[in-house]
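Given next are the chains, with one letter for each unit.
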Amino acid sequence: MTTTIDAGTIAALDERDPLRGKRDAFVIPDGVIYLDGNSLGPLPKAALRELKLAAEQEWGQGLIRSWNAAGWFDLPTTTGNRLARLIGAEPGEVVCTDTTSINIFKALHAALSLRPGRATIIAEGTGFPTDVYMAEGVVSMRPGARLKLAGIDAPDIEDLLGDDVAVVLVNHVDYRTGVLRDMAQLTERIHAAGAIAVWDLCHSAGTMKVDLDTAGADFAVGCTYKYLNGGPGAPAFVFAARRHHGRFAQPLTGWWGHASPFAFDHAFRPGDGIRPMLCGTQPILSMRALSGALDVWDDIDLEQVRAKSLALTDLFIALVEERCGRFGVTLAAPRLHAQRGSQVSFRHPNGYAVMQALVERGVIGDFREPDYMRFGFAPLYLRYADVDAAVSILHDILANEIWRAPRFAARATVT
Ligand SMILES: *Cc1c(COP(=O)(O)O)cnc(C)c1O
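Each value, and the rule that gives it
Note on numbering: residues in each chain are counted from 1, in written sequence order. Local features are withheld for residues below a pLDDT of 70 in this predicted model, meaning they are given only at 70 or higher, and side-chain atom pairs are given and counted only at 80 or more; totals for whole chains, interfaces and linings count all residues. Side-chain metrics rest on all non-hydrogen atoms present in the structure, leaving aside hydrogens and water. Put simply, DSSP H or I for four residues or longer makes a helix, DSSP E for two residues or longer makes a strand, and each gets a number counted from the N terminus. In this treatment the radius of gyration is a C-alpha quantity, and the globule benchmark scales as 2.2 Å times the residue count to the 0.38 power. Note on classification: 1.4 Å probe, protein chains only; a residue is buried when its accessible area is under 20% of the maximum for its type, exposed when over 50%, partly exposed between these limits. In these tables, accessible area is a Shrake-Rupley quantity obtained with a 1.4 Å probe, and a residue counts as shielded only by the protein chains included in the view. When charges are tallied, Lys and Arg are placed among the positive residues and Asp and Glu among the negative ones, while His and the ends of the chain are skipped. Think of each charge as sitting on NZ of Lys, CZ of Arg, CG of Asp or CD of Glu. What a helix is expected to span follows from its residue count: subtract one and scale by 1.5 Å. Two N or O atoms count as a polar contact when they lie within 3.5 Å, although within protein this holds only if one can serve as hydrogen donor and the other as acceptor, and sequence-adjacent residues are included solely when both atoms are side-chain atoms. One heavy atom within 4 Å of a molecule or strand is enough for the residue carrying it to be called near that molecule or strand. Residue classes follow a fixed rule: Ala, Val, Leu, Ile, Met, Phe, Trp, Tyr, Cys and Pro count as nonpolar, while Asp, Glu, Lys and Arg count as charged, and any other residue, Gly among them, counts as polar. Throughout, a contact is declared for two residues whenever any of their heavy atoms are within 4.5 Å. In summary, the pairing rule links any two rings of Phe, Tyr or Trp, Trp by its six-membered ring, whose centres are within 6.5 Å, and it sorts them by plane angle into stacked for under 30 degrees, edge-to-face for over 60 and tilted for everything else. By the criterion adopted, a ring carries a charge over it if an Arg CZ or a Lys NZ lies within 6 Å of its centre and within 35 degrees of its normal. In this analysis, strands are considered paired if DSSP registers two or more bridges between them. Axis definition: a line fit to C-alpha positions, over the contact stretch in the case of helices; interaxial angles, taken between N-to-C directions, run 0 to 180 degrees. These descriptions rest on fixed angle ranges, namely under 35 degrees for roughly parallel, over 145 for roughly antiparallel, 65 to 115 for roughly perpendicular, and the rest for oblique. When the near helix sits turned anticlockwise from the far one by under a right angle, the crossing is termed left-handed; a clockwise turn instead gives a right-handed crossing.

Moving on, we get to the overall build of the protein chain. For the protein chain, the helix and strand inventory stands at 13 helices and 15 strands. Relative to the compact-globule value of 22 Å for 415 residues, the protein chain shows a C-alpha radius of gyration of 22 Å, a close match. Across its three principal directions, the C-alpha atoms of the protein chain cover 70 × 55 × 40 Å. Buried residues in the protein chain amount to 56% of all 415 residues. Total accessible area on the protein chain stands at roughly 17200 Å², and carbon and sulfur atoms take up 55% of it. With 41 positive and 48 negative side-chain charges, the protein chain shows a separation of 2 Å between the mean positions of the two kinds.

Structural data, given as structure tokens:
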């Protein structure tokens, strides 16, 4: 890329940005360019407002009455129904609950329950490790079940599909490389092999129009603390297509999934629809922060979000290659829009130290082994000018070898 993008072009991009007003919905600290919304989204002002209300009024004053009066008991379904539009699902197909890891466990068991004659689970060996760990845990509980990993047992998922495959757990966007999968096409192939498709949307929800129902997805899981900005440890979500309601089962049969929780029945009877995906009492304060975070999305056009995400990542790639290419950074994200999520990774042999130096200068991204510097581009609060400024700082750190300072070499627990 040899184009030189000048300050005037960048200012014009910000002026024309239909989402520019949304930045004000967030608390963004002064001096910070936040390129880590793919790990932990920033604080929405509405989430802060809801947290305060939930703690002071609903808990402080309402006490136990708030389970009914403030709608606490219904939060998994009310938040799930609001989130449904963002992932191309219908109300009634999604609940917000538990963690992504736990939801993977439930979704895999639910899928196995729909394919009783089959014993193989396929997952991605290079995907986010918890997905594989959870799949291993499911296999350990089911005699005869086995796990096959794409990227390890065979190059691709398609190579592993066969008569014995019950379920395929697949990432919509890879957490490390940012590669986006074609959901409709892969779901069709999984179905053609007679298997169930479980999609992990951790890195796509909130960055594009996900179309679970159109793609024919069976189950899906995902985070709300990344691009959806629900807060650290915010409840995750799980989707089950309506055609599977009343048919799937999962072993975490807690009272919240019961048809009539307050009957205190001794026998478990699964609730209707998506309800059997619920297990027990949820962290209500986190749920209330999430409902504030979802307010920000109510009037958002996801086509605009995707268009800006691609424009931001295009700009970042062009500027890094133009200004920093000679310092040993190499692109590890797809150039093709159809294959790109909303993050861009660049590899550098000293990626960890370079990232630490960036963070010290207020450009917050993160690092993934062995040498990936990850930069997430959340269209609701990032400006094109932020991308330009971040690349200037990266250039300074590389050109002047600022990253060589010993303080940037020490590894923290969370990278
Ligand atoms: C972030 C992420 C998770 C996190 O799981 P938790 O249970 O919330 O810790 C799982 N899978 C993928 C693909 C992720 O990106």
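Let's pick the thread back up.
All right, on to helix α11 (residues 302–324) then. It helps to recall that an α-helix has 3.6 residues per turn; residues three or four apart then point in one direction. The terminal C-alpha atoms of α11, which comprises 23 residues, lie 32 Å apart, in line with the 33 Å expected from a rise of 1.5 Å per residue. The residue sitting at the N-terminus of α11 and contributing the capping side-chain oxygen is D301; that oxygen lies 2.8 Å from the backbone nitrogen of E303.

All right, on to the site of the ligand then. Neighbouring the ligand are 13 residues; S101, D131, H203, Y225 and K226 lie closest to it. A distance of 3.3 Å separates a nitrogen atom of the ligand from a polar side-chain atom of D200. For the ligand, whose unbound accessible area comes to 390 Å², protein coverage reaches 87%. For the shell around the ligand, the class distribution of residues is four nonpolar, six polar and three charged.

As for its position among the elements, A390 is in helix α13 (residues 384–399). In this structure, A390 is in contact with I33, L35, L358 and V363, ignoring residues within four places of it in sequence.

Moving on, we get to the packing of aromatic side chains. Each aromatic ring pair is described using two quantities: the centre-to-centre distance and the angle formed by the ring planes. If you walk through the whole model with that rule in mind, you get 14 aromatic pairs. Taking 5.4 Å as the distance between ring centres and 90° as the angle between the ring planes, the aromatic pair formed by W67 and W72 counts as edge-to-face. Exposure remark for W67: the relative accessible area of 26% places this residue in the partly exposed category. Residue W72 is classed as buried on the basis of its relative accessible area, which comes to 7%. Grouped by ring-pair contacts, the aromatic residues W67, W72, F73, W255, W256, F262 and F264 constitute a single cluster. Lying over the aromatic face of F128, K226 brings its terminal NZ or CZ to 5.2 Å of the ring centre.

Next up on the list: unusual backbone geometry. Between E369 and the following residue, P370, the backbone shows a cis peptide bond with an omega angle of -5°. Relative to the assigned elements, P370 resides in the loop between β14 (366–368) and β15 (372–376). In this model, D98 sits at a positive phi of 55°, which is unusual for a non-glycine residue. Tracing the chain through its elements places D98 in the loop between β4 (94–96) and α5 (100–114). In this structure D98 comes out as buried when scored by relative accessible area, which is 17%.

Bringing the sheet that holds β15 into the picture now. Strand pairing in a sheet relies on backbone hydrogen bonds, with the paired strands running either antiparallel or parallel. Pairing in this open sheet of four strands is antiparallel, and the strands run β11-β12-β15-β14 from one edge to the other. Both edges of this open sheet fall to β11 (330–331) and β14, since each of them pairs with a single strand only. Sheet strands in contact with α11 are β11, β12 (343–347) and β15, and its direction is about 20° off that of β12. Strands β14 and β15 of the sheet are contacted by helix α12 (residues 351–360), whose axis makes an angle of about 35° with β15.

Alternating residues of strand β10 (residues 237–240) divide into F237 and F239 and V238 and A240, and every residue in both groups is buried. Note that β4 and β10 share three bridges and pair antiparallel. Counted as the bridge partner of C96 is F237 from β10. Examined bridge by bridge, strand β9 (residues 219–222) and β10 share four bridges and lie antiparallel to one another. From the neighbouring strand, V221 faces β10, where its bridge partner is V238.

What follows concerns the packing of α5 against helix α6 (residues 129–141). Packing of α5 against α6 leaves a shortest axis separation of 9 Å and a crossing angle of 45°. Between α5 and α6, the angle is such that the two are oblique. The chirality of how α5 crosses α6 is right-handed. Touching S101, I104, F105, L108, H109 and L112 of α5 are T130, D131, M134, A135, V138 and M141, all from α6. Grouping the amino acids of the contact of α5 with α6 by side-chain chemistry returns eight nonpolar, three polar and one charged.

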